[in-house]
Each structure stands twice: as structure tokens, then as C-alpha cells.
Number of protein chains: 2
Amino acid sequence: MLNKLPIPIIQAPMVGASSFEMALAVSKAGGLGSFGAGAMAPADIEAEVRRFRTASDRPFGVNLFVLEAATPAAAEVDAAIERLRPWYEGLGIDPPAPPNDFAPDFQAQFAALLRAAPPLASFTFERLRREQVEALRAAGTYVVGTATTVAEAKAWAEIGADAISAQGAEAGGHRGSFLASVEASLIGTFALVSTIRQAMDLPVIAAGGIMDGRGVAAALALGAVAAQMGTAFLLSDQTGISATWRGGLERAGDDPTRLTRALTGRYARGIENRYMTTMRPVEGEVPAYPVQNRLTQPLRAAGAKAGDPDVLSLWAGQAVKLAGPGDAGELVKRWWAEAKAVAKELADRLA
Amino acid sequence: MLNKLPIPIIQAPMVGASSFEMALAVSKAGGLGSFGAGAMAPADIEAEVRRFRTASDRPFGVNLFVLEAATPAAAEVDAAIERLRPWYEGLGIDPPAPPNDFAPDFQAQFAALLRAAPPLASFTFERLRREQVEALRAAGTYVVGTATTVAEAKAWAEIGADAISAQGAEAGGHRGSFLASVEASLIGTFALVSTIRQAMDLPVIAAGGIMDGRGVAAALALGAVAAQMGTAFLLSDQTGISATWRGGLERAGDDPTRLTRALTGRYARGIENRYMTTMRPVEGEVPAYPVQNRLTQPLRAAGAKAGDPDVLSLWAGQAVKLAGPGDAGELVKRWWAEAKAVAKELADRLA
């Protein structure tokens, strides 16, 4: 599947940052576009897959967050809302009332995905059950499990995943770690790709810190079957990010990213802002994803509207300063041309 | 300097793990061998440089730890010794008396280095003064500054360093961070090399997670002028590590490394052992390097002798599982042949 792509570049699924148009442009260019469907209603997943197939016969991927249903105690939700009150009030609005639900039901999302049977499906946060992997494969879907450690890659291999998406420590957005603590699971892309390859024969997708054709060539040299790029598309024409997010990103200084648990209840990497620094001392106390995520959604939406990047989730990888503008499809073609030139130059130099 | 190396592989200076013979073998093979001279007496630095020059006319490097003189309060030293008492007693020995000095005097080491004028000198922990960089360059020494962030790379560029050693988060041993916290300075090799290259024109050495010819090819594809490898030499014939350390390394499981401050008073990456896990809750309280380092030296020496890896500093990078045996010079030649083959294969595939 992956080694048949004309261009072995996967556009990373990024909830709230990628878009239908981005995925379409990348797939049409010869790469593999992806939907970040973690926040989508089941019916929308099927509709988006149909819409893509109407627009193109190229392969594409759909990503889901593997999640248990959230059943937080009312007191925990109330406390979390109170903790957020100053941030809401800072924008002149009231914090939300305790919501009735916190995220789309994963089992329903999965059933919709199975019916839609996209060419590729990838999963993060937790691991599927073996029967789910088998059902997807029987439906003709190529199954990719996200791993941040060798142990997680082995866990996915064990239940029959087709490939591993190796999420290096550099990567922006949510960490996919599900076996060990986040501190024990921050393995740089160089080491993660190399050690997973050593441990198994499954194809490995390199993700984290890859921003241009040099990065693509480096990932392939390491032995990855494809390079997954997310942050590199954040400033593309098809970006799904708000103008406020874009502003925060364009103004970022050197080494701008940090991990935070305070925005969603799950560790994620983004450009450090006032919310992240202020909330760091209590980030261990906020409710786990998806509860905190749901409770900060109206805050982030209001911040985006008000032009205040300091209350947003400015998800971005460690090499975000290399992100640049352009049509997503043209970026893919340009990176691929660069990767070819780098490979040729390197081979000539080393000959 | 670096782009004239027959093989652009630098053997990382590793105090306690590299050796004179390792450096000599690497340089003779066409790479660049290094001395980890951070713990050497000034006279020994000059003697080792002379000894190398007698043995070979190949280039080599010397690495120093840039350190202020340590002047801890007696009470802090006493408390640190008491904290270590159970570990010493576990090996059946008494903890050390408060030492008179904690590390070789850096200014004296630097003066010796300047007199010895090796072809290359690299520095970590803190930054030199501009006059020191100028004096080394006037003596014909190529000056390399270690950076774990773009900001640190800029700081070295500002005072005239010739090149930057980009120490990615993957790297084993001590972190070279000197501007921001360790958490803010754990940037994966992919991202670190890319962002430093974007920020300046100085040659960048890639370090962290590079274990074989694929890694060397990937580092060069990213635009690094050379690949620095340390962990990859730990099991070589010329290793300086003890049999106990080697045992700890050979028995390591998946994803075995963590950062610790508890062994030396400065964050460093090694294979997690009982000392690291037990001391983690108090690692923020131990005296800063070199004080804690000096106080645990007899413990680690005794542990090595007793065959107990659980009290050692098992420094290693995140991809340590790829380390293998062999003559250090032959390893360099093998990795270079692999890198060439990878580059050719990649260029052919992408053509």
C-alpha cells in the first residue's frame, strides 16, 4: 500500500488544523491525504469518505482517537470549570455549563469507519482490539497504529497492524503514548524509527520534525517507508487553522514549543503561550481527555475570534519555524523534488 | 576542517566511556576521534594530545566541560553525603568524607588545551568567553560549541565558534543545555539540525540517535556536515566502559533510557536502573555538577567492581539497542560503506 504511493509523503491527520481540501490536494499530488476524524460524528465520517471518493480515486487515510467513553464525576467537572473561570472571564464570557457528553462515541465512529472502509485508517491514543483490526483488514482497509515507543509498536504488531506510525518526540499535537508515561515516551524520530525497524519487519512511517525535502530524504534513508508531515502544512493554502493561530505561529521565537496537559487533559506539543505557562503547575490535576478538551473548546473558540493566541492550543512540532506558505499539493511536489535532489547530491558526493 | 574528513563521522567524546585507543582507531579509519577530557588534569590533556600526535597525523578533537569552580556550602555537601549513605552501605562501604575539590579547574584545563592546540576542540555545559574562542582559533584549533536549542547555537555563533554540535534529545550522557530548562531543551535531532541550519550558516554536526550507516546518511541528507556517534561505540573493542556497565547495556529492554539529575547533579541520559528510579523524587535537591558527580564517583566505582549495574551511570542514547561489537575503526568504515550504499539505493529509487 504505502510503497505504491507515487510520493511517500503522508499528510498528518490534524484535528482542527487539516482540512478536506488539504487531504484532497495532497492525495491528488501523489501523496496520501488524511482526515483527522477524531472529533467527527459517525455520519460525518462516512459522508467525508464518500465526498473524497467522488472527488478523487487516489488513496487517503482516516485517523481516529481510540477512546473509552468519558464518565467523569460531576464534582470533577465542576472543579475543572471553576479552574477555567478566570480564563473565560478574561475574554468577557461565562464558562460552559457541565456538558452532557464530551466526545463522539468511539465505538460508533469505528462502526462508521468500517462501513466507509477507507484505503487507510490510523489510530492513536489507545490500541484497537484484535477483532477490530481484523474487521478493518477484511474490509480492505490498511491499518496503521501510532507508536511512541518500541513497546507500543510491538503491541500494535501483536494484533496484526499493517504498519506503524512512529511518532517521534518532535511531533506537534497530541502524544499517542498509551503504555508508559509521557516522560518515558519522548523518543526522538531518529532513535524511534531506527529502534522500531530493528525490532520488527512492519513498514514504519516516520513522523516528527520532518519539514521539507531534506527531512523526507532523511526519513527514507533511515529506512522509513514514508514521511508523515503535519506542522509543515500549517501555513499552506488549505490550512484549517484560524488567523489567530496562524498569527501565533508566525510570531513564534526560537525553540517555541512545549508539551502541555492543561489544554485537553492529554499531553500535546504546541507553541508555548500564556495559558500553557500559567497552567503548568496544575496541569496534572485537570481531568483526562476528552473532558478537559471539551471544557476548553469554547475558550479556544472565543480566543480565536477575539484574536488572542494566548488561550489557544497552538499545536505545532519542534521544527515549526520551517513551516512556509503554498498550495498543499504544490508543497508535496516541491518537497519530493527536493528529496530527489538531496538523494542524488548525496549519492554523488559519497560515490 | 570537517568537510575535509575522509569519513564525516565524529566519535563523540565520552568521559568514562571512550578511550585513547578508540579515538586513535576512529581517526586512523578516516573519521574524527575525540577525547572526553572533562575529568582530566591539565597536564594529562597535554600529554594525551602529544601521545596522539606521536601515534598519528590524523585530525582529532578534545572536549571540555565549561565549568565554574564549585564552592558548595559544607552543609549541602554533608546532606548530599547522608542522602547517599544507604547506597554506599548497600555495597558494604562507607560514603566518602567531604572532598577538598570536586573537579579539575576549568581555567587550568583550558590553558593546557590552548598550549596543546589540538586540531579541534569542543565544549559543553556552558559557553566559552569570546576571547577564549579567539585564542583557540589563533592557535589553529577549530572551535565547536554544543547546542541543544537554536538559542544556544546562536549564542555560540555570536562569539565566533566555527561549528555547532547539535545535541538532539536522543543523545546519551550529559545534556549540554545552558540557556533554558532541560524540559525546554529536549529537541529531537531531526528538528534540531533542521532549525539550527535554518537559523545560521555555520556547519552543523548532528548528534543523537545515530547508530549506523542509515543514520549517517540521514544526518547528511538533513544537511549536517558530519554525524557524531557515541552510544554506537559503547560495545566496540576500544570501549572504556566496565564489564558491569556493558552487562547493564546488553540486558537493556525496549526503550530503556531516561534522564536523571540524581547521579551527577546535571541532567544526563542513561539506561534506567534502581538508583535512577529510587532517587527520581529527590533528584532536584542534589547539589549541582560537579559536586554530586564527585560524591557518587566512589559509589559507581564500587558498583562496577561489585558487578552491580544498579548504582552505575549507564549513560546511553535512546537507540542504544542498535549498539554492536567490533573494532571502532572497522565500525566507522562499515557505517560509511552502509551510508554510501543507502545514498546510492535512495538516489536510484527516487530517480
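Whatever comes next refers back to the structure up there.
No experiment lies behind these values; they were computed from the predicted model shown. (Residues numbered from 1 in each chain as written. Chains lettered and ligands numbered in written order. Predicted model: local features only at pLDDT ≥ 70, side-chain atom pairs only at ≥ 80, totals over all residues. Heavy atoms only, no water.)

### Here's the deal with the pairing of strand β8 (residues 204-207) of chain A
All names here are of chain A. Our working rule: Burial status follows relative accessibility: with a 1.4 Å probe on protein chains alone, a residue under 20% of its type maximum counts as buried, one over 50% as exposed, and anything between as partly exposed. Only DSSP runs of H or I with at least four residues qualify as helices, and only runs of E with at least two residues qualify as strands; both kinds are numbered from the N terminus onward. In this description, strands pair whenever DSSP reports at least two bridges between them. Orient the strands so they point away from the viewer; a crossover is then right-handed if the path from the first strand over the helix to the second runs clockwise.
The two faces of β8 match: Val204 and Ala206 on one face and Ile205 and Ala207 on the other face are all buried. Note: strand β6 (residues 163-167) against β8, four bridges, orientation parallel. Bridge pairing links Ser165 to Ile205 in β8. Examined bridge by bridge, β8 and strand β9 (residues 226-229) share three bridges and lie parallel to one another. What sits directly across from Ala207, in β9, is Gln228. Running through helix α8 (residues 213-221), the crossover from β8 to the neighbouring parallel element β9 is right-handed.

### Examining the relation of the copies chain B and chain A
Selection rule: When the copies are overlaid, the least-squares fit takes in C-alpha atoms only where the residue has pLDDT of at least 70 in both copies. Whether two residues touch is decided by their heavy atoms; if any such pair falls within 4.5 Å, the residues are in contact.
Overlay of chain B on chain A (RMSD 0.0 Å): rotation 180°, translation along the axis 0.0 Å. Seen this way, the second copy is the image of the first under a two-fold rotation axis. In terms of C-alpha distance to the rotation axis, chain B has Ala218 of chain B as its closest residue, with the C-alpha 2.0 Å off the axis. When the interface residues of chain B are mapped onto chain A, 100% of them again lie at the interface, so the same face is used by both copies.

### A closer look at the nonpolar core
Where we set the bar: Residues grouped as a nonpolar core are buried Ala, Val, Leu, Ile, Met, Phe, Trp, Tyr and Cys residues, joined through side-chain atoms within 4.5 Å.
Residues Phe123 of chain A together with Phe123 of chain B are the most contacted members of the largest nonpolar core, which totals 224 residues. Other than its neighbours up to four places away in sequence, Phe123 of chain B contacts Asn63, Leu64, Val66, Phe110, Leu113, Leu128, Leu136, Val143, Val144, Gly145, Thr146 and Trp156 of chain B.

### Examining the packing of aromatic side chains
Stated precisely, the cut-off is as follows: Paired rings are identified among Phe, Tyr and Trp, the last through its six-membered ring, by centres lying within 6.5 Å, and are further divided according to the angle between planes into stacked (under 30 degrees), edge-to-face (over 60) and tilted (the rest). Any Lys NZ or Arg CZ that is within 6 Å of a ring centre and within 35 degrees of that ring's normal is treated as a charge sitting over the ring.
Scanning the entire structure with this criterion turns up 27 aromatic pairs over all chains. Where Phe110 of chain B meets Phe123 of chain B, the ring centres are 6.3 Å apart and the plane angle is 45°; that geometry is what we call tilted. With Phe110 of chain B in helix α4 (residues 106-116) and Phe123 of chain B in strand β4 (residues 120-124), the pair connects residues that are 13 residues apart, well separated along the chain. Taking the relative accessible area as the measure of exposure, Phe110 of chain B reaches 6% and is therefore buried. Classification of Phe123 of chain B as buried rests on a relative accessible area of 0%. Taken together, the ring pairs in this structure connect Phe20, Phe35, Phe52 and Phe60 of chain A into an aromatic cluster. Sitting over the ring of Phe20 of chain A, Arg51 of chain A keeps its end group 3.7 Å from the ring centre. A cation over an aromatic ring shows up here: Arg266 of chain A above the ring of Phe125 of chain A, its NZ or CZ 4.2 Å from the ring centre.

### A short note on the interface of chain B and chain A
The cut-off we apply is this: Throughout, the accessible surface (probe 1.4 Å) given up by two parts as they are put together, summed over both, is called the buried area. Should a side-chain nitrogen of Lys or Arg be within 4 Å of a carboxyl oxygen of Asp or Glu, the pair is scored as a salt bridge.
Each side of the interface is counted separately: chain B has 47 residues, and chain A has 47 residues. Overall, the association of chain B and chain A removes approximately 3,900 Å² of surface from exposure, summing both partners, and the carbon and sulfur fraction of that is 63%. Here chain B is connected to chain A by two salt bridges. One salt bridge in this structure joins Lys154 of chain B and Asp254 of chain A, with 2.7 Å as the shortest N-O distance. For the side of chain B that touches chain A, the secondary structure elements donating two or more residues are α6 (150-158), α7 (189-199), α8 (213-221) and α12 (328-350) of chain B.

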